[in-house]
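Here is what each chain is made of, one letter per residue.
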Amino acid sequence: MTTLPLMPKATAVWLIEKTALSFEQIAAFCGMHPLEVQAIADGEVAQGIVGYDPIANHQVTAEEIRRCEASTTARLKILTVNNPVRRRSKGARYTPIAKRHDRPDGIAFLLRNYPQLNDVQIVKLLGTTKDTIAKVRDKQHWNTPNIKPRDPVTVGLCSQTDLNAAISEANTRLEREGAEIPTPTLEAGDFNFSEE
């Protein structure tokens, strides 16, 4: 599988302006047709696009460009970057406005079924605050009469993998402390088969 450089047209503009590579070489590197590269060079296409430097952005080395400038049959090879995508670890998780009213339901579900989760874990999972968790726990939330414990995964507040990771982390903490791991309790009200 061949990978293309980031912003191929802008990269092609930079290579046309700054190097002596042939149109075929630039086209092969950027995943374009040689006639499209020629049109960019003639100013018919990509007018106003600022060139994107692939050397400064660690997509190709200057030595690789010089090697390909020396031989018209040589092809540029994109650098492989060992930089896996990292998940955001700081800050509150964003919850869409349409799902924010479901957060107290998710908090109530986690408090009832997974008491081993501490407030910090619930904050990270649901993108809420400790104050909201305390109000739901103490039944002081402004919407307490309407809160129905619902699984935050099915509501769409968190993913099942994140929930499983938080539960296993909490269970490991309890084992380390020598405390008993509580089992989730499902009540008859969790399964509502009739429409009201």
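Numbering of residues begins from 1 in every chain and follows the order in which that chain's sequence is written. Under the rules for a predicted model, residues below a pLDDT of 70 receive no local features and side-chain atom pairs below 80 are neither given nor counted, while totals for whole chains, interfaces and linings still include all residues. Hydrogens and water are ignored here; the side-chain numbers use all heavy atoms of the structure.

Remarks on the overall build of the protein
Convention followed: A run of H or I in DSSP becomes a helix once it reaches four residues, and a run of E becomes a strand once it reaches two; helices and strands are each numbered from the N terminus. Burial here depends on accessible area, computed with a 1.4 Å probe over protein chains only, as a share of the maximum for the residue type. Under 20% is buried, over 50% is exposed, and the range in between is partly exposed. Contacts: residue pairs with any heavy atoms within 4.5 Å of one another.
Secondary structure assignment for the protein yields 9 helices and 0 strands. Start at the N end of the protein and walk to the C end: the helices and strands fall as α-α-α-α-α-α-α-α-α. When burial is assessed residue by residue, the protein has 33% of its 196 residues classed as buried. Long-range pairs, those at least 24 residues apart, make up 61% of the contacts in the protein between residues at least 6 apart in sequence.

Concerning the environment of Ile65
Looking at the secondary structure, you find Ile65 in helix H4 (residues 62-70). In this view, Ile65 contacts Trp14, Leu15, Thr19, Leu21, Ile55, Val60 and Leu76; residues no more than four positions away in its chain are not counted.

Re the pattern of salt bridges
Here is the rule we go by: Note on definitions: salt bridges are taken to be side-chain nitrogens of Lys or Arg within 4 Å of carboxyl oxygens of Asp or Glu.
Per the stated rule, a full pass over the model turns up 7 salt bridges. Residues Glu36 and Lys9 are paired through a salt bridge, measuring 3.7 Å at the closest nitrogen-oxygen approach. Here the residue Glu36 occupies a position in helix H3 (residues 34-42), and Lys9 occupies one in helix H1 (residues 8-18), the gap between them amounting to 27 residues. Among the salt bridges present, the one from Lys135 reaches Asp131, with a minimum N-O distance of 3.4 Å. With a gap of 4 residues between them, Lys135 and Asp131 both fall in helix H7 (residues 130-137), about one helical turn apart. According to the relative accessible area criterion, Lys135 is partly exposed, its value standing at 36%.

Some thoughts on the confidence of the model for the protein
Spelled out, the test is: Each residue gets a pLDDT score, which is the predictor's confidence in that residue and runs from 0 to 100.
Of the residues in the protein, 86% have a pLDDT of 70 or more, and the chain-wide mean is 84. In this model residues 188-196 is a low-confidence stretch, pLDDT under 50, and it forms 3 contacts with partners more than four residues away in sequence or in other chains.

Brief notes about helix H9 (residues 160-177)
The cut-off we apply is this: Multiply 1.5 Å by the residue count of a helix minus one, and that product is the helix's expected span. For this quantity, the arc is that covered by the directions from the helix axis to the C-beta atoms.
Compared with an ideal rise of 1.5 Å per residue, which puts 18 residues at 26 Å, H9 spans 26 Å between its outermost C-alpha atoms and is within 8% of the ideal. Within H9, burial applies to Asp162, Leu163, Ala166, Ile167, Ala170, Asn171, Arg173 and Leu174. Looking down the long axis of H9, one finds its buried residues gathered within 170 degrees of arc, a one-sided arrangement. Structural note: H9 exposes Thr161, Glu169, Glu175 and Arg176 on the side pointing more than 90 degrees away from its buried face. Turning to H9, the residues buried within the fold contact helix H5 (103-113), helix H6 (119-126) and helix H8 (152-155). Immediately beyond the C-terminal end of H9, within one or two residues, lies Gly178, with a positive phi of roughly 80 degrees.

A few points about the packing of helix H2 (residues 23-30) against H3
Defined as follows: In this analysis an axis means a line fitted to C-alpha atoms, helices contributing only their contacting stretch, and an angle means the value between N-to-C directions, from 0 to 180 degrees. Our angle categories are set so that under 35 degrees counts as roughly parallel, over 145 as roughly antiparallel, 65 to 115 as roughly perpendicular, and the remainder as oblique. Crossing handedness follows the turn of the near helix against the far one: under a right angle anticlockwise gives a left-handed crossing, and clockwise gives a right-handed one.
Contact geometry for H2 and H3: axes closest at 8 Å, N-to-C directions at 110 degrees. Between H2 and H3, the angle falls in the class roughly perpendicular. Like other packed secondary-structure pairs, H2 and H3 cross with a definite hand, here right-handed. Within the contact between the two elements, H2 uses Phe23, Glu24, Ile26 and Ala27 and H3 uses Pro34, Val37, Gln38 and Ala41.

Digging into the nonpolar core
Note the threshold: What we call a nonpolar core is a set of buried Ala, Val, Leu, Ile, Met, Phe, Trp, Tyr and Cys residues that are connected through their side-chain atoms within 4.5 Å.
Formed by 19 residues in total, the largest nonpolar core has its most connected members in Leu110, Leu117, Ile122, Leu125, Leu126 and Leu163. Elements represented by at least two residues in this core include exactly H5, H6, H7 and H9. Ala12, Val13, Ala27 and Ala74 belong to the second largest nonpolar core, which has 18 residues in total.

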